[in-house]
Amino acid sequence: MSRNHGEANAPVHLLALLRPESFGASLRARWVQAGEFRLHYRGASEQDALIESTAQAACAVGFVLPKRQCKHAARRNLIRRIARERFRAHLGEHPRQPGQPLPVLVLRLQAKLDPRWRSAQSKALREYLHQTIGRLLAEWESKRQRVAAPEGIAGQAAPTTSVASAVPVVRSEGAKS
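Quick look at the structure, then. As the structure is a computational prediction, the values presented were derived from the model and not from experiment. (Residues numbered from 1 in each chain as written. Predicted model: local features only at pLDDT ≥ 70, side-chain atom pairs only at ≥ 80, totals over all residues. Heavy atoms only, no water.)

### Observations regarding the overall build of the chain
Phase 1 of the analysis: Across its full length, the chain carries three helices and five strands.
Phase 2 of the analysis: Put simply, the chain shows about 10,600 Å² of open surface, and 51% of that area lies on carbon and sulfur atoms. (Helix = DSSP H or I, 4+ residues; strand = E, 2+ residues; numbered from the N terminus. Areas by Shrake-Rupley, 256 points an atom, 1.4 Å probe, with all protein chains shown as cover.)

Here it is in structure tokens:
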């Protein structure tokens with residue numbers, strides 16, 4: 001199965017965010033937080049210099065997983081793997097609308113993980129990561145839908161129904177633009 005032929009079941013393509021300027025801009029952007037993780041989000045800009053294979057890409061992603069917060073490389077790699085898996089699944093279900101810029105997501109570990117998860121093989125750790133990253137994506141999606149909602153009467157945004165409203169998020173703030 002090839003992505004080049006536009007098949008319906010083609011996997012979602014994620015671009016790696018590599019430039020320091022892109023990370024800096026992302027970490028100054030709006031964010032949602034759940035547990036120890038913060039998901040920074042914004043639309044791609046010219047400074048990102050993303051190659052125009054972005055027509056196939058659903059998103060550009062980056063990770064900030066400091067050794068101070070997560071000492072073992074196996075756990076950091078597990079976080080990246082599960083995050084990419086969740087991003088692909090989420091973006092496959094909620095594709096970007098035409099005319100919207102390519103989303104740029106940066107997952108940042110803000111605090112140490114619970115010490116009871118000593119091993120990257122821990123099923124409890126895997127479940128926690130799936131749930132937490134899922135909550136972050138659900139909150140981001142609800143914010144993305146609110147921004148993209150058509151304007152209602154007298155310039156007020158039309159009400160939207162969100163699946164994420166039942167999902168508790170610890171904190172949802174953003175940097176002032």
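### Some points on the pairing of strand β5 (residues 103–109)
Phase 1 of the analysis: Where burial is concerned, most of β5 is hidden: six out of the seven residues are buried.
Phase 2 of the analysis: The pairing of strand β3 (residues 37–43) with β5 spans seven bridges and is classified as antiparallel. Each bridged residue has a counterpart across the sheet, and for His40 the counterpart in β5 is Val106.
Phase 3 of the analysis: When strand β4 (residues 57–64) meets β5, the two strands line up parallel, connected through five bridges. Along β5, the bridge assignment pairs Phe63 with Leu107.
Phase 4 of the analysis: Chirality of the crossover, the property in question, places the unit of β4, helix α2 (residues 73–93) and β5 among those that are left-handed. (Buried < 20%, exposed > 50% of the residue type's maximum accessible area, 1.4 Å probe, protein only. Pairing = 2+ DSSP bridges. Right-handed = clockwise from strand over helix to strand, strands pointing away.)

### Focus on the packing of α2 against helix α3 (residues 123–148)
Phase 1 of the analysis: Where α2 meets α3, the axes come as close as 10 Å, and the angle between the chain directions of the two elements is 40°. It follows from the interaxial angle that α2 and α3 lie oblique. The handedness of the crossing between α2 and α3 comes out as right-handed. For the pair α2 and α3, the contacting residues are Arg75, Leu78, Ile79, Ile82, Ala83, Glu85, Arg86, Phe87, His90 and Leu91 in the first and Leu125, Arg126, Leu129, His130, Ile133, Gly134, Leu137, Trp140, Glu141 and Arg144 in the second. (Axes fitted to C-alpha atoms, helices over the stretch in contact; angles between N-to-C directions. Parallel < 35°, antiparallel > 145°, perpendicular 65-115°, else oblique. Left-handed = near helix turned anticlockwise from the far one by under 90°. Contact = heavy atoms within 4.5 Å.)

### With respect to the packing of aromatic side chains
Phase 1 of the analysis: If you walk through the whole model with that rule in mind, you get two aromatic pairs.
Phase 2 of the analysis: One cation-aromatic arrangement involves Arg38 over Trp31; the distance from NZ or CZ to the ring centre is 3.6 Å. (Phe/Tyr/Trp six-rings, centres within 6.5 Å; stacked < 30°, edge-to-face > 60°. Lys NZ or Arg CZ within 6 Å of the ring centre and 35° of its normal.)

### Here we look at the nonpolar core
Phase 1 of the analysis: Grouped together as the largest cluster of nonpolar side chains are 31 residues, with contacts concentrated most on Phe37, Leu39, Phe87, Leu105, Leu107 and Leu113.
Phase 2 of the analysis: Mapped by element, the contributors of at least two residues to this core are β2 (30–34), β3, β4, α2, β5 and α3.
Phase 3 of the analysis: Filtering out sequence-adjacent residues up to four positions away, Leu105 remains in contact with Leu39, His40, Tyr41, Cys59, Ala60, Val61, Gly62, Phe87, Leu137 and Trp140.
Phase 4 of the analysis: Of all hydrophobic cores here, the second largest spans eight residues; its members include Leu17, Ala57, Leu102 and Val104. (Core = buried A, V, L, I, M, F, W, Y, C linked by side-chain atoms within 4.5 Å.)

### Things to note about the side chain of His90
Phase 1 of the analysis: Tracing the sequence through the fold places His90 in helix α2.
Phase 2 of the analysis: A relative accessible area of 10% places His90 in the buried class.
Phase 3 of the analysis: The residues touching His90, leaving out its near neighbours within four places in the chain, are Leu137, Trp140 and Glu141.

### Points about the pattern of salt bridges
Phase 1 of the analysis: For the structure on display, the rule yields three salt bridges.
Phase 2 of the analysis: The salt bridge involving Arg116 is made with Asp114; its shortest N-O contact spans 3.3 Å.
Phase 3 of the analysis: The exposed category is assigned to Arg116, whose relative accessible area is 62%.
Phase 4 of the analysis: Using a relative accessible area of 25% as the deciding quantity, one classes Asp114 as partly exposed.
Phase 5 of the analysis: Among the ionic pairs, Glu141 bridges to Arg144, the shortest N-O distance being 2.9 Å. Here Glu141 pairs with Arg144, and both are found in helix α3, just three residues apart, close to one helical turn. Arg144 carries the same exposure label as Glu141, and that label is buried. (Salt bridge = Lys/Arg side-chain N within 4 Å of Asp/Glu carboxyl O.)

No statement about biological role is implied by the geometric values presented.
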